[in-house]
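These are the residues of each chain, in order.
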There are 2 protein chains.
Amino acid sequence: MINITLKQLRYFEALARHGHFGRAADACAISQPALSMQIKEMEEVLGAALIERGARQIRLTHFGEVAVERARDILRAADELGDLARASKERLVGRLRIGVIPTIAPYLLPKVVGDLSTRYPELDIHVRETVTPKLIQELRDGQLDTAIVALPISENWLAEIPLFEENFVLVRAAKEANAPLPSADSLREMRLLLLEEGHCFRDQALSFCNLQSAPPREVLDASSLSTLVQMVSAGMGVTLIPEMAVPVETRSASVAISRFQEPEPVRTIGMVWRQTSPLSGQLREISEIVRRSAGIDG
Amino acid sequence: MINITLKQLRYFEALARHGHFGRAADACAISQPALSMQIKEMEEVLGAALIERGARQIRLTHFGEVAVERARDILRAADELGDLARASKERLVGRLRIGVIPTIAPYLLPKVVGDLSTRYPELDIHVRETVTPKLIQELRDGQLDTAIVALPISENWLAEIPLFEENFVLVRAAKEANAPLPSADSLREMRLLLLEEGHCFRDQALSFCNLQSAPPREVLDASSLSTLVQMVSAGMGVTLIPEMAVPVETRSASVAISRFQEPEPVRTIGMVWRQTSPLSGQLREISEIVRRSAGIDG
DNA sequence: ATTTATCATAAGAAATAATTATCAAAGCGA
DNA sequence: TCGCTTTGATAATTATTTCTTATGATAAAT
């Protein structure tokens, strides 16, 4: 044999504890020769005597005494590996890396992270806020465990689970509050302010206006919904924002919020993760918590 | 299977390192299925997934990442056990418990301990000084590794190795320096001072005088050779001391030292240890050093 | 001197781990 | 979309290891 085994360490530890081959073998639920052989094997592998065999009693050699302490350390560490596994199975512990798109993150995360931390006190939540393509990439690379994005993603290696539907609302300057609600098509003729390239929400807004890509008239590309709303408030145009963003973003801006008539613009927010992820079960559980948090909030 | 094995940890570590079943198997010099099976087995035993199996690439689960660190710790500790064994084989290290009889210890130990420490810097020498029966008992109980005593001991479980011969000399008051040398028999008629009961040297001295047990005339039982010499110096009688004790004990006493004529009284000092001791080899080596130290000294 | 306790050894049986061959799934390229 | 390749899983067989039972050897105990 080339290497020492944990089994040998267990046998040796029992032998050291009992000071007797027969009783140690009993404790290990094996026969005495089996234990003798493994100890002998271990001594051969190590190239040093562990046991001083007297006729009537055995005694650990000096090295044996050192070795048994090491053996105990090793066995303890091996057992802890099992504990660790059990702990990581029963409830979600350790690091959970969530990616969220920027048009959701500021409005959803405060509550969700709070709820998750309450539910899973030992969970160490990391948040990554960026646009969908990057989230998907990072998910694929194993840098994220899950992401909250607008569905569908349509990557066959991803599991998708819808969380909630989210309407878009029109944001106009306060003085236009009583103006007639523009149709989707007529938005094309207005000065429509949008997020910069890369944000899915930009595409979704354009889509609602039946525009495939950039609008005909110039747009100012903002990097956040806050900026958009502030710009609207300054009279620079109109914009769309997700319903969820309304409470936060219109608090300190003199703007008018109007819902569209049917068919209202809407997007589905969902959670995605690698289908192969062993966290699938827990992620499904987490998705429930997120859904509930979002429901109360929005 | 009931328990995880070191082999599995090795395979798992290789898999974590290479991120690829085939290459990890190569590194372990086994076939890919063998590795797959062991990893699977390990996951079943732990009850948790270690590996997230993607089609094109594999990735450690969160638990897997924790586990591989533990695995590395465990494997390192196991390897160190081998190192430890090698280290403890090549040269004598750690604790060495030496027992020495009182009529030898003060004259032999200073030099011997110094020489041993020089020769084996990592040796932690413990000295026990007491009478032979206690030394033998402690040797038997494993409280001592070796003892330096007067031979023979004649216990069949002991290994005995003679170190040197030691003559006895007569100690008389200084004024008696020129008196004729008494015969062994005539010592019986003199006031012979001896060590207290239990010291082998007492018995050896009595034996030289052809006395089986206590002498006919009253003796004062001293507890050390120093005391004996001081008593002689004070004119209380005569005594015998080992030659080796002469330089130390007569330094500050006005006594006369006389060697006996042939046949001189003599005893053999030797080293003993349990025949079963795994230190036998090193103890033999040590006995050489002790012999040399004693030779230069005495 | 016999008995008892204790560990070592041997041979065959059981369990475990390895190999080779094959399969299935998914990425990749035309 | 159709092979083709890569990669890991599975199955059947073989090899190895480990265990058990039976027995031996030695020294302590009676």
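Residues numbered from 1 in each chain as written. Chains lettered and ligands numbered in written order. Predicted model: local features only at pLDDT ≥ 70, side-chain atom pairs only at ≥ 80, totals over all residues. Heavy atoms only, no water.

## Regarding the packing of aromatic side chains
Residue and element names in this part refer to chain B. Taken as a whole and assessed by the stated rule, the structure comprises four aromatic pairs over all chains. Taking the centre distance of 5.0 Å and the plane angle of 65° together, the rings of phenylalanine 208 and phenylalanine 260 count as edge-to-face. Pair noted here: phenylalanine 208 is in helix H8 (residues 200-208) and phenylalanine 260 is in the loop between strand S10 (255-259) and strand S11 (266-274), with a separation of 52 residues, a long-range link. For the pair phenylalanine 208 and phenylalanine 260, a shared accessibility class is recorded, and that class is buried. (Phe/Tyr/Trp six-rings, centres within 6.5 Å; stacked < 30°, edge-to-face > 60°. Helix = DSSP H or I, 4+ residues; strand = E, 2+ residues; numbered from the N terminus. Buried < 20%, exposed > 50% of the residue type's maximum accessible area, 1.4 Å probe, protein only.)

## Quick notes on the relation of the copies chain B and chain A
Superposing chain B onto chain A requires a rotation of 180° together with a translation of 0.0 Å along the rotation axis, leaving an RMSD of 0.4 Å. In symmetry terms, the pair is related by a two-fold rotation axis. When the interface residues of chain B are mapped onto chain A, 100% of them are again interface residues, pointing to one common binding face. (Least-squares fit on C-alpha atoms with pLDDT ≥ 70 in both. Contact = heavy atoms within 4.5 Å.)

## Thoughts on the protein's contact with DNA strand D
Looking at DNA strand D, there are 21 residues lining it, with Tyr11, Ser31 and Ala55 of chain A together with Ser36 and Arg53 of chain B nearest. When the atoms of DNA strand D within 4 Å of the protein are grouped by moiety, sugar and phosphate amount to 75% of the total. Here serine 31 of chain A contributes a backbone N or O atom positioned 2.6 Å from a phosphate oxygen of DNA strand D. Here a base nitrogen of DNA strand D sits 3.1 Å away from a polar atom, N or O, in the side chain of glutamine 32 of chain B. Of all the secondary-structure elements, those providing two or more residues to the surface near DNA strand D are helix H1 (6-18) and helix H3 (32-46) of chain A together with helix H2 (21-28) and helix H3 (32-46) of chain B. Across the surface near DNA strand D, the residue classes tally to 10 nonpolar, six polar and five charged. (Near = heavy atom within 4 Å. Polar contact = N/O pair within 3.5 Å; in protein donor to acceptor, adjacent residues only side chain to side chain. Nonpolar A, V, L, I, M, F, W, Y, C, P; charged D, E, K, R; others polar.)

## Let's talk about the interface of chain B and chain A
Taken together, the contact between chain B and chain A spans 42 residues of the former and 42 residues of the latter. Across the interface of chain B and chain A, roughly 3400 Å² is buried in total on both sides, 62% from carbon and sulfur atoms. Considering only the surface of chain B that becomes buried against chain A, His62, Arg70 and Leu81 of chain B emerge as the three largest contributors, covering 18% of it. Taken together, chain B and chain A are joined by six salt bridges. For glutamate 65 of chain A, the salt bridge goes to arginine 95 of chain B, with nearest N and O atoms at 3.7 Å. Inspection of the region where chain B meets chain A yields nine residue pairs in polar contact (both at pLDDT 80 or more). When contributions to the side of chain B that touches chain A are tallied by element, the ones reaching two or more residues are helix H1 (6-18), strand S1 (51-53), helix H4 (62-90) and strand S3 (94-100) of chain B. Counting residues per element, the side of chain B that touches chain A draws most heavily on H4 of chain B, which supplies 16 residues. (Buried area = accessible area lost by both parts, 1.4 Å probe. Salt bridge = Lys/Arg side-chain N within 4 Å of Asp/Glu carboxyl O.)

## What to know about the packing of H2 of chain B against H3 of chain B
Residues and elements named next belong to chain B. Taken N-terminus to C-terminus, the directions of H2 and H3 make an angle of 100°; their axes are 8 Å apart at the nearest point. The angle between H2 and H3 falls in the class roughly perpendicular. On H3, the residues touching Phe21, Gly22, Ala24, Ala25 and Cys28 of H2 are Gln32, Leu35, Ser36 and Ile39. Of the residues belonging to the contact of H2 with H3, the class tally is six nonpolar, three polar and no charged. (Axes fitted to C-alpha atoms, helices over the stretch in contact; angles between N-to-C directions. Parallel < 35°, antiparallel > 145°, perpendicular 65-115°, else oblique.)

## A closer look at the pattern of salt bridges
Pairing between side chains of opposite charge can happen when their charged atoms approach one another. Residue and element names in this part refer to chain A. Applying the stated rule across the entire model yields 34 salt bridges over all chains. Note that arginine 128 is salt-bridged to glutamate 138, the shortest N-O span being 2.8 Å. Here arginine 128, found in strand S4 (residues 123-129), pairs with glutamate 138, found in helix H6 (residues 132-140); they are 10 residues apart in sequence, far enough to count as distant. The partly exposed category is assigned to arginine 128, whose relative accessible area is 33%. Between glutamate 288 and arginine 291 there is a salt bridge whose closest N-O contact spans 2.5 Å. Pair noted here: glutamate 288 and arginine 291 are both in helix H11 (residues 280-297), with a separation of three residues, about one helical turn. You can call arginine 291 partly exposed: its relative accessible area is 27%. Here the salt bridges share partners, and the residues they tie into one network are Glu13, Arg17 and Arg72.

This is a description of form; function is not addressed.
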